[in-house]
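Here are the chains, one letter per residue:
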Amino acid sequence: MATILNIETSTEVCSVSLAKDGETLFLKESTEGLNHSQLLTVFIEELFVSADFDKKELDAVAVSKGPGSYTGLRIGVSVAKGLCYGLNIPLIGVGSIDAMGHYAAENVADFYTGSNENLLFCPMIDARRMEVYTAIFDKKGEVTQPVSAEIIDESSFGSLLEENKILFFGNGAEKCKAALTHPNAVFEGPAKTSARFMQKLSENKFNQREFENVAYFEPFYLKDFVATIPKNKVLK
């Protein structure tokens, strides 16, 4: 039994939840864009006030470790580390794609009414152009194809779609509809990431003592971050 603060900042969503034994106590989130540096610590304080909860009673902090937005991940991990250092509690890292895949498989009846036979789940986090971060999960929420960065075209997932119905979801799925036209491609499921999707996984990791090294933990970027200079930048 544990009370865990979950932090999700891997996409445009800034989301925090307080969970006990994997069940939501309080949730605070914004889907309005990458304002994590302004919102995250405010949301955490508001959550503790709303829950009338002393942060010193936390058992651990869980943070989305990626892949996703470089800046968003850095902000989330920095705040999570600060809380863990200050409160002397463990840090738990939860994969952004893993959280979505497990949640969708566990709660499929909430958004899909078809047959579960030969059903697979494919969460997608938007990357650049037609690229997404993705993985494949079975109906038990277990990974059958690991997280990767994929450029989506008409041939993507071709062999899998011949034998399985695949639910595509997440903030990267919408742009893939025009390419993935196979009858077994279904676009249903959670549209965005959320800290509440992390709760079962973070609770399981806490119970199994799967903690990160607070000093050396880094997000899972999957791809190297490339900084660019705007074309209209004038150097003086």
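To keep things clear, this report deals only with the structure shown in the data block. From a predicted model like this one, the values you see are computed outputs, not experimental measurements. (Residues numbered from 1 in each chain as written. Predicted model: local features only at pLDDT ≥ 70, side-chain atom pairs only at ≥ 80, totals over all residues. Heavy atoms only, no water.)

**Things to note about the overall build of the chain**
In step 1: Helix and strand counts for the chain come out as five helices and 10 strands.
In step 2: Relative to the compact-globule value of 18 Å for 236 residues, the chain shows a C-alpha radius of gyration of 18 Å, a close match.
In step 3: Overall, the C-alpha framework of the chain stretches about 60 × 50 × 30 Å when taken along its three principal axes.
In step 4: Burial analysis of the chain (236 residues in total) assigns 49% to the buried set.
In step 5: Each charge class in the chain can be summarised by its mean position, and for the 23 positive and 32 negative side chains these summaries are 7 Å apart. (Helix = DSSP H or I, 4+ residues; strand = E, 2+ residues; numbered from the N terminus. Rg over C-alpha atoms; globule rule 2.2 N^0.38 Å. Buried < 20%, exposed > 50% of the residue type's maximum accessible area, 1.4 Å probe, protein only. Lys, Arg positive; Asp, Glu negative; His and termini not counted. Charge placed at Lys NZ, Arg CZ, Asp CG, Glu CD.)

**So, the packing of aromatic side chains**
In step 1: What the rule picks out here adds up to six aromatic pairs.
In step 2: Residues Tyr-70 and Tyr-221 carry aromatic rings whose centres are separated by 4.7 Å and whose planes lie at 25° to one another, so their mutual orientation is stacked. Taken together, the positions of Tyr-70 in helix α2 (residues 70–87) and Tyr-221 in the segment after α5 (199–207) put the pair 151 residues apart, joining distant regions of the chain.
In step 3: An aromatic cluster of three or more residues is present, and its members are Phe-157, Phe-168 and Phe-187.
In step 4: Stacked on the ring of Phe-206, the Lys or Arg Arg-209 has its end atom at 5.6 Å from the ring centre. (Phe/Tyr/Trp six-rings, centres within 6.5 Å; stacked < 30°, edge-to-face > 60°. Lys NZ or Arg CZ within 6 Å of the ring centre and 35° of its normal.)

**Quick look at the pattern of salt bridges**
In step 1: Under the criterion given, the structure shown has seven salt bridges.
In step 2: Between Glu-23 and Lys-200 there is a salt bridge, with its nearest N and O atoms 2.8 Å apart. Note that Glu-23 is positioned in strand β3 (residues 23–30) and Lys-200 in helix α5, a separation of 177 residues in sequence.
In step 3: The class for Lys-200 is partly exposed, based on a relative accessible area of 34%.
In step 4: Among the salt bridges present, the one from Asp-126 reaches Lys-175, with a minimum N-O distance of 2.3 Å. (Salt bridge = Lys/Arg side-chain N within 4 Å of Asp/Glu carboxyl O.)

**Remarks on the sheet that holds strand β9 (residues 165–169)**
In step 1: Strand order in the open sheet formed by five strands is β8-β7-β6-β9-β10, with mixed pairing between adjacent strands. Both edges of this open sheet fall to β8 (143–151) and β10 (185–186), since each of them pairs with a single strand only.
In step 2: In the sheet, strand β7 (residues 131–137) pairs with β8 via six bridges, with the strands oriented antiparallel. Bridging across to β8, Thr-134 finds its partner in Ser-148.
In step 3: Relative to the sheet, helix α3 (residues 96–106) contacts β6 (119–126), β7, β8 and β9, its axis offset from that of β6 by approximately 145°. (Pairing = 2+ DSSP bridges. Contact = heavy atoms within 4.5 Å. Axes fitted to C-alpha atoms, helices over the stretch in contact; angles between N-to-C directions.)

**Looking at the sheet that holds β3**
In step 1: A sheet is described by the order of its strands in space; here five strands give the open sequence β3-β2-β1-β4-β5, paired in mixed fashion. Where the open sheet ends on each side, the last strands, each with one partner, are β3 and β5 (91–94). This sheet shows a mean twist of 20° between the axes of neighbouring strands, independent of strand direction.
In step 2: On top of the sheet, α2 reaches β1 (3–8), β4 (60–64) and β5; it is set at about 170° to β4, its chief contact.
In step 3: On the sheet, α5 packs against β1, β2 (14–20), β3, β4 and β5 and is oriented at approximately 135° with respect to β5.

**Looking at α3**
In step 1: α3 sits mainly inside the fold: eight of its 11 residues count as buried.
In step 2: All of the buried residues in α3 are Ser-96, Ile-97, Ala-99, Met-100, Gly-101, Tyr-103, Ala-104 and Ala-105.

**A short note on the nonpolar core**
In step 1: Ile-4, Ile-92, Val-94, Val-108, Tyr-112, Phe-121 and Leu-167 are the most contacted members of the largest nonpolar core, which has 29 residues in total.
In step 2: Tallying contributions element by element places α3 first for this core, with six residues.
In step 3: Residues within four places of Ile-4 in sequence aside, it is in contact with Ser-17, Leu-18, Ala-19, Leu-58, Ala-60, Val-61, Ala-62, Ile-92, Ser-202, Glu-203 and Phe-206.
In step 4: Judged by nonpolar contacts, the second largest core, of 23 residues, contains Leu-40, Ile-44, Leu-47 and Leu-91. (Core = buried A, V, L, I, M, F, W, Y, C linked by side-chain atoms within 4.5 Å.)

**Concerning the pairing of β1**
In step 1: Taken across its six residues, β1 has six buried, putting it largely inside the fold.
In step 2: Both β1 and β2 contribute to a ladder of six bridges, which runs antiparallel. Residue Thr-3 lies in a different strand from β2, and its bridge partner there is Lys-20.
In step 3: Where β1 folds back onto β2 in an antiparallel hairpin, the turn is made up of five residues.
In step 4: Where β1 lies against β4, four bridges are found, and the strand directions are parallel. Pairing of Asn-6 across the sheet is with Ala-62, part of β4.

Everything listed here is a matter of geometry and, on its own, says nothing about what the molecule does.
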